[in-house]
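Notes for the structure review
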Amino acid sequence: MPLTDTFYAFPIDHEFLPVFAGDKPKHWRNAAKNKGFDLIGRTLDRLHVVLECNHCGNATRKRISVVLGHNPECGHCIEQRRKAAAESVGAVLLGPDPEKDRHYGEYQFECGHIDRRQHLRVEAAAAGGFKLSCRDCTYALHEAEAKFAGWQLVGPALRNNPSYRHYRHECGHHQDVGVANMRNLDVNCAGCEESWASKPSKIYLLSFMLPTIPVIKLGFSNNPIYRVKQVQFDPAETRGTLDREIELETGHAAICVEKALHSHIESERPELIVSRDHFSAHLRTTSEIYHERGRGHISSLLDAVEAGWDPNLSTDWKSFTTHPDRAA
Ligand SMILES: [Zn+2]
Ligand SMILES: [Zn+2]
Ligand SMILES: [Zn+2]
C-alpha cells in the first residue's frame, strides 16, 4: 500500500497532506466514531489516519494507535476553547508560545502588553470568572505601592509564597513583605526596628537661635549630635547646640517617654509651644519646638525622668524632682 501523489483537497491541521492508499477497517471507523470523529482517510504512512471532528468539522491527523487505544483530541476545538477563555478574561490568544512550550501561548492583555501564559491557567481564570492581570502592569502597581510606603520593590520573594515580594527599605534593609501588607502600609522593617526600637537611645534637649527668638527642641535619637546637624538648614544662622541627653535602654522606651513628655507639656503648658511658621524655614522638623522660657519647666521634667518618673503613668512628676525651685 503506497503513498500516492495525490493530496487531500482540504487542509489537515493547517497543512496539505498526501493520500496514503489503503482500506479503512470497520473497527478503526467504530473506534473513531466512539471518540467523536469520522475516519475519512489515511495519510503519510501506514500508521496515520485523517479524522474529521464531529464537533467543529475540521480535519486532523492522528496515529491509528491513538485512535484505537487512547483519547484523541481535536486541536482545533482546543484552540477555539482557549480563544474563548482568553476573551472572557479580557485577553487575546495571539498564537503559540514563542519559547515553544506547548502548554503555553502568547497572549495580549487589555492594557496592550503581550506575554506568554499557561493555557490551563487562562482557562482556570475564565472558569473562575477572574480577569487575567498583566505582569508588567501588576509589577508597576506593586512598585508604586511600595514607593508610597517608603520601600522599593526589588523582585520576587525569597520565600516560596506567591503573595510576597522582596523589597528594600529606605534604611537599606532588604526583606520579604506581603503585597497586601505593603498596600495597607502594615510593614515592620526588621532593619530599622533593630536600629531604633531595640537599640539604646536618648532623649535630648537642643537649643537654636531663630532670627527673632531663641527656641529649644525636645526629642529622641540614638545620635543627638548628628540630629543637631541634620535638623538645621543653616547651622551658621541657627547655631544649634546639644544641651542635655538622657540615656534609655531602647529606642522604643525613648519614643514612648518623648511622646508622653510632649503631651504632658501640651496639656500643662501649651503656651510654651512655638508655632510652626516661626521655625519651618529654619529647622527640618514639624513640631517639638518650645520657647526658650520653657527651659526651666522642661528641665524639671527631664530631672524627674532621670529620677525614675514614667510620664506614661499618671504619677505626679513633682514627687520625683529634688529641685523644688525648678518645679515652679
Ligand atoms: Zn474539533
Ligand atoms: Zn499591562
Ligand atoms: Zn528599615
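What you see as residue numbers is a count from 1 along each chain, following the sequence as written. All chains are assigned letters beginning with A, and all ligands numbers beginning with 1, in the order in which they are written. In keeping with the model being predicted, local features are shown solely for residues with a pLDDT of at least 70 and side-chain atom pairs are shown and tallied solely at 80 or more, while totals for entire chains, interfaces and linings include all residues. Only heavy atoms go into the side-chain values, all of them from the structure, while hydrogens and water stay out.

Looking only at helices and strands, one finds 12 helices and 15 strands in the protein chain. The quantity called the radius of gyration is restricted to C-alpha atoms. Its globule counterpart is 2.2 Å times the number of residues to the power 0.38. Taken over the C-alpha trace, the protein chain has a radius of gyration of 38 Å; the compact-globule value for 328 residues is 20 Å, which it surpasses by more than 25%. When the backbone C-alpha atoms are referred to their principal axes, the protein chain occupies close to 120 × 40 × 25 Å. Here the protein chain holds 328 residues, and the buried ones make up 38% of them. Exposure was quantified through the Shrake-Rupley algorithm and a 1.4 Å probe, taking into account, for residues, occlusion by the shown protein chains and nothing else. Counting only carbon and sulfur atoms, one obtains 51% of the accessible surface of the protein chain, whose full area is about 19000 Å². By definition, any uninterrupted DSSP run of H or I lasting at least four residues is a helix, any uninterrupted run of E lasting at least two residues is a strand, and each is numbered from the N terminus. Partly exposed describes any residue whose relative accessible area lies between the buried limit of under 20% and the exposed limit of over 50%, with all areas from a 1.4 Å probe on protein chains only and scaled to the type maximum.

Looking now at the sheet that holds strand β10 (residues 164-169). Paired strands are those between which DSSP finds at least two bridges. A sheet is described by the order of its strands in space; here three strands give the open sequence β9-β10-β11, paired in antiparallel fashion. Each edge of the open sheet carries a strand with a single partner, namely β9 (151-156) and β11 (174-178). The mean angle between the axes of side-by-side strands here comes to 40 degrees, regardless of whether they run parallel or antiparallel. Relative to β10, β9 runs antiparallel, the two sharing five bridges. Residue pairing in the sheet places P156 in a bridge with R165 of β10. In the packing of helix α5 (residues 135-148) onto the sheet, contacts are made with β9 and β10, and the angle to β9 comes to roughly 145 degrees. The axes are straight lines fitted to the C-alpha atoms, using for helices just the contacting stretch, and the angles between their N-to-C directions are given from 0 to 180°. Contacts are assigned to residue pairs that have any heavy atoms within 4.5 Å of one another.

What follows deals with the pattern of salt bridges. Any carboxyl oxygen of Asp or Glu that lies within 4 Å of a side-chain nitrogen of Lys or Arg is treated as forming a salt bridge with it. Under the definition given, this model contains 18 salt bridges. In this structure, the salt-bridge partner of E245 is K202, at a minimum N-O distance of 3.7 Å. Of this pair, E245 sits in strand β14 (residues 241-248) while K202 sits in strand β12 (residues 201-209); the two residues are 43 residues apart in sequence, bridging distant segments of the chain. On the basis of relative accessible area, E245 is assigned to the partly exposed category, the value being 32%. Note that R269 is salt-bridged to E271, the shortest N-O span being 2.8 Å. Taking relative accessible area as the criterion, E271 reaches 40% and is therefore assigned partly exposed. When salt bridges that share partners are traced, they join R81, R82 and E123 into one network.

Bringing the coordination of the zinc ion (ligand 2) into the picture now. Note that water is not among the atoms used; donors are N, O and S atoms within 2.8 Å of the metal (3.2 Å for Na, K and Ca), so sites may look incomplete. For the zinc ion (ligand 2), every protein donor is listed as C111 (SG), H113 (ND1), C134 (SG) and C137 (SG), and the spread of their distances is 2.0 to 2.4 Å. In short, tetrahedral needs four donors with all angles between 85 and 135 degrees, square planar needs four and octahedral six donors with opposite donors over 155 degrees apart and all other angles between 65 and 115, and whatever is left is irregular. Every donor counted, the four donor atoms about the zinc ion (ligand 2) form angles of 100 to 119 degrees at the centre, which fits tetrahedral coordination. Of note, the donors binding the zinc ion (ligand 2) are all from one chain and are spaced C-x1-H-x20-C-x2-C. Separated by 23 residues along the polypeptide, C111 in the loop between β7 (104-109) and β8 (114-118) and C134 in the loop between α4 (119-128) and α5 bring together distant segments of the chain. In this structure C111 comes out as partly exposed when scored by relative accessible area, which is 41%. With relative accessibility at 7%, the residue C134 sits in the buried group.

These results come straight from atomic positions and should not be treated as a statement about function.
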